[in-house]
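# Coordinate analysis (summary)
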Amino acid sequence: MAENNKPIALEDRGETGEKLFSPSAGRNKDVIAETLGERLARSSRILEIGSGTGEHAEAVCLKRPDLRWTPSDPDARSRASIAARAREIDNLAPPLALDLLDQGWMVAAPECDALVCINVIHISPFEVTRALAGFAASRLPGDGCVILYGPFLEGGRSAPSNLTFRDDLQRRDPQWGVRELDDVKAVFAGKGWRLDERIAMPANNLTLVFKPD
């Protein structure tokens, strides 16, 4: 299985005070920070969906202190971890309790220039992907972007580890699963957004950058 594709269970997390640490996030946070740091506009406002332990947000904010980053997560323990990091980093805001399966989440979301979602859409119902595209269409500016990171299928094919991971996810929850890239592209296209970049990442993952048509 790809090293950074295992959903974070509480027993997989190390702790230091309120901070949580994910082994997978520890392995991929630097390359993700590098990739995002090269693509996010200067001084832009970022909303991250499903921030988890907060390690990715921390890494990007330290690399790009000009960004104004608002993290979010529906899990209270994860938010406590993110908040502990936010207290140490000026451009990392306290986390919001956003749940994309809650119809009111867009009202609570702040104004932003870009939407970032790392390792979320495969461990959530596909409605979350639709909600991301809907938010992009209704709330992001014309020069905004949506950045997704995680494993994907392309024409039903992927690395063997991702196929095994897909099967494991669907045993855990039939609504979960490694998403077909064409399905994700179609959802965003239906809201007027196109795939601008497909970036191959370590451990059989992709970074996808969507922009308005």
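Before any of the text, the structure's been laid out above.
In short, a report on the structure.

A word on the pattern of salt bridges. Enumeration according to the criterion identifies 19 salt bridges in this entry. We note a salt bridge from glutamate 127 to arginine 130, for which the minimum N-O separation is 3.5 Å. With glutamate 127 and arginine 130 both in helix 5 (residues 126-139) and 3 residues apart, this pair spans about one turn of that helix. For arginine 130, a relative accessible area of 41% gives the class partly exposed.

With that settled, consider the environment of glycine 37. For glycine 37, the position within the fold is in helix 1 (residues 23-37). A relative accessible area of 15% means that glycine 37 is categorised as buried. With 12 residues separating them along the chain, glycine 37 and alanine 25 place their C-alpha atoms 17 Å apart.

Time to look at the environment of aspartate 75. With respect to the secondary-structure elements, aspartate 75 resides in the loop between strand 4 (68-70) and helix 3 (76-86). For the pair aspartate 75 and serine 51, spaced 24 residues apart in sequence, the C-alpha to C-alpha distance is 9.6 Å.

Below, the discussion takes up the packing of helix 1 against helix 2 (residues 55-63). Direction vectors running N to C along helix 1 and helix 2 enclose 40°, while the axes themselves pass 9 Å from each other. Here helix 1 is positioned oblique relative to helix 2, judged by the angle of their axes. Where helix 1 crosses over helix 2, the handedness of that crossing is right-handed. Only Glu55, His56, Ala59, Val60 and Lys63 of helix 2 make contact with helix 1, whose side of the interface consists of Ala25, Gly26, Asn28, Lys29, Ile32, Ala33, Glu34 and Leu36. Its residues assigned to classes, the contact of helix 1 with helix 2 comprises 6 nonpolar, 3 polar and 4 charged.

Cut-offs and rules
- Residues numbered from 1 in each chain as written.
- Predicted model: local features only at pLDDT ≥ 70, side-chain atom pairs only at ≥ 80, totals over all residues.
- Heavy atoms only, no water.
- Salt bridge = Lys/Arg side-chain N within 4 Å of Asp/Glu carboxyl O.
- Helix = DSSP H or I, 4+ residues; strand = E, 2+ residues; numbered from the N terminus.
- Buried < 20%, exposed > 50% of the residue type's maximum accessible area, 1.4 Å probe, protein only.
- Axes fitted to C-alpha atoms, helices over the stretch in contact; angles between N-to-C directions.
- Parallel < 35°, antiparallel > 145°, perpendicular 65-115°, else oblique.
- Left-handed = near helix turned anticlockwise from the far one by under 90°.
- Contact = heavy atoms within 4.5 Å.
- Nonpolar A, V, L, I, M, F, W, Y, C, P; charged D, E, K, R; others polar.

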